[in-house]
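Given next are the chains, with one letter for each unit.
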Amino acid sequence: MEECISVFDMLKIGIGPSSSHTLGPWRAAERFLKELRDQDIFHSITKIEINLYGSLSLTGKGHATDLAIMLGLSGQDPEYMPVKDIDTIIKAIQTDKQINLGNELAIPFDASESIIFNKEFLPFHANGMTLTAFCADKQAYSNTYYSIGGGFVVNEERDDAKTKLDIKCAFPFPIDNAAQLLKYCQEENKKVSEIVYENEKSMNTEEDIHKGLLRIWNTMLECMYTGCHTEGILPGGLHVRRRAFDMHQNLIGLSNYNSPQTWLEQIRLTEVKFRQILQWVSCFALAVNEVNASLGRVVTAPTNGSAGVIPAVLMYYMVIENHQAGEEEIKQFLLVASEIGSVFKQGSTISAAMGGCQAEIGVSSSMAAAALCELMGGTPEQVLIAAEIAMEHHLGLTCDPIGGLVQIPCIERNTMGAIKAINAAELALGTDPKNTKVPLDKVINTMWETAKDMNTKYKETSEGGLAIAVNLADC
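Quick notes on the rules
- Numbering of residues starts from 1 in every chain and runs along the sequence as written.
- Reporting in this predicted model follows two pLDDT cut-offs: at least 70 for local features of residues, and 80 or more for side-chain atom pairs to be given and counted; totals over whole chains, interfaces and linings ignore these cut-offs and use all residues.
- The basis for the side-chain values is all heavy atoms of the structure; hydrogens and waters are excluded.
- Being paired, for any two strands, means DSSP has found at least two bridges between them.
- Helix and strand definitions here come from DSSP, where helices need a minimum of 4 consecutive H or I residues and strands a minimum of 2 consecutive E residues; each element is numbered from the N-terminal end.
- Structural elements are reduced to axes, namely lines fitted to C-alpha atoms, with helices fitted over the stretch in contact, and the angle between N-to-C directions of any two is expressed from 0 to 180 degrees.
- In this scheme, a residue with accessible area under 20% of its type's maximum is buried, one over 50% is exposed, and one in between is partly exposed, where area comes from a 1.4 Å probe on protein chains only.
- Contacts are assigned to residue pairs with any non-hydrogen atoms lying within 4.5 Å of each other.
- Put simply, angles under 35 degrees are roughly parallel, angles over 145 are roughly antiparallel, angles from 65 to 115 are roughly perpendicular, and the rest are oblique.
- In this scheme, a crossing is called left-handed if the near helix is turned counterclockwise away from the far one by less than a right angle; it is called right-handed if the turn is clockwise.
- Lys, Arg, Asp and Glu make up the charged group, whereas Ala, Val, Leu, Ile, Met, Phe, Trp, Tyr, Cys and Pro make up the nonpolar group; the residues left over, Gly among them, are polar.
- The quantity called pLDDT is the predictor's confidence in a given residue, expressed from 0 to 100.
- Ring geometry is summarised as follows: Phe, Tyr and Trp rings, the Trp one being its six-membered ring, pair when their centres sit within 6.5 Å, and such pairs are stacked at plane angles under 30 degrees, edge-to-face over 60 and tilted between the two.
- We call a set of buried Ala, Val, Leu, Ile, Met, Phe, Trp, Tyr and Cys residues a nonpolar core when their side-chain atoms join them within 4.5 Å.
- Whenever Lys or Arg places a side-chain nitrogen within 4 Å of a carboxyl oxygen from Asp or Glu, that contact is recorded as a salt bridge.

Student: Whenever I open this one, the sheet that holds strand 2 (residues 47-54) confuses me. Can you help?
Tutor: By definition, the strands of a sheet pair up through backbone hydrogen bonds, in either a parallel or an antiparallel sense. If you trace the five strands from one edge of the open sheet to the other, you get 5-2-6-7-8, paired in mixed fashion. Looking at strand neighbours, the two that pair on one side only are strand 5 (115-118) and strand 8 (152-154), the edges of this open sheet. The mean inter-strand angle of the sheet, taken between neighbouring strand axes irrespective of direction, is 25°. With eight bridges connecting them, strand 6 (residues 127-135) and strand 7 (residues 138-149) associate as antiparallel partners.

As structure tokens, this is what we get:
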């Protein structure tokens, strides 16, 4: 059964630094509160206990998993809550040893005792968590959730670790793989974006789609703007200095602007030398992921750890390739990108804890390459070739964050993913589809087989690769 995945499922607005380790657990906590209300026991709860397993436990501290669950239990929404309020809420919980459950029921809560980090892995998925509620010291309700990447959260309802949501799809063009997508494009004589748009209209009004996509873009733009105008050291203990600020200052020089929108227009007016193109793209990607690393608001695309690739490539198109590009091109880009991400999610994984960084940076690069290819005049066949090329050159990429933080090598990898996406799109535009040897579905399947063969220590556990090769004392 095909998944009925909306563009707004693939591109979510939330808080960093990780979609699977921050946004997913946050949403799981929200779901848990709803279930307590459905069970009609919410107001009787006297204690909450959280058990984290596998990757959530091993790198949970660095990914702010514990903080995300506390915020979720407090009734905060990661899409809308003011980011500046996070520290205040967390400090109050830690100081008062109390949590305001759902922002209406205060109960005792000592995070050091109530959040338990268990190194063992649950068999269903690497990102498992069990939330348990007590009434007068007696267990009243418990449920286990799995954060499967990109902010998606499920219960153990399928026997395969890829986890497909068991939803009957009502799309006019239900898509399970790239071959189906291409078949629809050919039969309907439509672009990839047009097929995706028709599917989206079965779930949302055209006005809601328009507003929703532009809200996603404006969040991306604001994130880049914030990152380019914020200097200092990233939190977490690695003492990583923000680089987007200095890079941006060197590139833009003396300019006058007072908002993300006027900033974009200013960049479009800036004369860009050939060697500066890569610097601008890298600056955009760095900016997003520095915001992400500091618990800022980003767009999961398809994950938080890879959130910088798609906005950086879209900015490249708008400031380098087409200065006249506007809302229609932005929407077209996001529609294509989301569909490619959806195909990867269904055929493989977008969780680094399951597939390594190929599942995050690799997929985001593939999404961006396909979207850029269509905007630059590529046929549906070439769009899929662009996606295939981008992933082909990310196969086997491990996830080995130093200190369990989404900083080294994660931030720089976004710049590499963006550059590879642009290169992949250019290569695809010069490729005759009749001469392609590896269809996208084949590389997606290969990615999944590679993920299964990859040693667990290279899957977001900080137990292998750079995570153990670098002495934290030297950082």
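Past the structure itself, the notes keep going.
Student: What's the story with the environment of S114 in this structure? I'm lost.
Tutor: With respect to the helices, strands and loops of the structure, S114 is situated in helix 6 (residues 111-114). Given a relative accessible area of 10%, S114 falls into the buried group. It is 45 Å that separates the C-alpha atoms of S114 and W280, two residues lying 166 residues apart in sequence. Other than its neighbours up to four places away in sequence, S114 contacts I48, E49, I50 and F109.

Student: Can you help me understand the pairing of strand 4 (residues 105-108) in this one?
Tutor: Residues L105 and I107 point to one face of strand 4 and are all buried, whereas A106 and P108, pointing to the other face, are not buried. Pairing of strand 3 (residues 98-101) with strand 4, which is carried by four bridges, proceeds in the antiparallel orientation. Bridging from a neighbouring strand, I99 pairs with I107 of strand 4. In sequence, strand 3 turns back onto strand 4 through a hairpin of three residues, with G102 there showing a positive phi of about 60°.

Student: So what exactly am I meant to see when it comes to the packing of helix 13 (residues 309-321) against helix 18 (residues 410-429) here?
Tutor: The description of two packed helices rests on the angle between their axes and on the distance between the axes. For the pair helix 13 and helix 18, the least separation of the axes is 9 Å and the interaxial angle reads 55°. As far as their axial angle goes, helix 18 and helix 13 are oblique. Two packed elements cross with a definite hand, and for helix 13 against helix 18 that hand is right-handed. Touching V309, A312, V313, Y316 and E321 of helix 13 are N414, G417, A418, A421, I422 and E426, all from helix 18. Of the residues that constitute the contact of helix 13 with helix 18, the class distribution is seven nonpolar, two polar and two charged.

Student: Would you take a moment to explain the confidence of the model for the chain for this structure?
Tutor: A low pLDDT means the predicted coordinates there should not be read in detail. Scored by pLDDT, the chain has a mean of 94; 96% of the residues are at 70 or more. Scored below 50 in pLDDT, residues 158-167 shows 26 contacts in the model against residues more than four places distant or in partner chains.

Student: Whenever I open this one, the packing of aromatic side chains confuses me. Can you help?
Tutor: One pair of aromatic rings is described through two measures. These are the centre distance and the angle between the planes. By the definition in use, this model includes seven aromatic pairs. The interplanar angle of 75° and the centroid separation of 5.6 Å between the aromatic rings of Y225 and W263 together place this pair among those described as edge-to-face. In this pair, Y225 sits in helix 9 (residues 206-228) while W263 sits in helix 11 (residues 260-269), placing the two residues 38 residues apart along the sequence. Y225 gets classed as buried once you look at its relative accessible area, which sits at 18%. Taken together, the aromatic side chains of Y225, Y257, W263, W280 and F284 make up a single cluster linked through ring pairs.

Student: Help me understand the nonpolar core in this model?
Tutor: The tendency in soluble globular proteins is for nonpolar side chains to be buried side by side. Core analysis: the largest hydrophobic core is formed by 112 residues, its most contacted members being W217, W263, M315, F333 and L334. If sequence neighbours within four positions are ignored, L334 has contacts with V7, L11, L213, I216, W217, M220 and I310. Listed in part, the 39 residues of the second largest apolar core include W26, A28, I48 and L105.

Student: Is there a simple way to explain the pattern of salt bridges in this structure?
Tutor: If charged atoms from side chains of opposite charge come close, those side chains can pair. Under the definition given, this model contains 16 salt bridges. Between E79 and R215 there is a salt bridge, with the nearest N and O atoms lying 2.5 Å from each other. Highlighted residues: E79 in the loop between helix 4 (65-73) and helix 5 (86-96) and R215 in helix 9, separated in sequence by 136 residues. Looking at R215, the relative accessible area reads 30%, which means it is partly exposed. For the salt bridge of R241 with D246, the shortest nitrogen-to-oxygen distance reads 3.1 Å. Look at the salt bridges and you will find they share partners, linking R27, E30 and D77 into a network.

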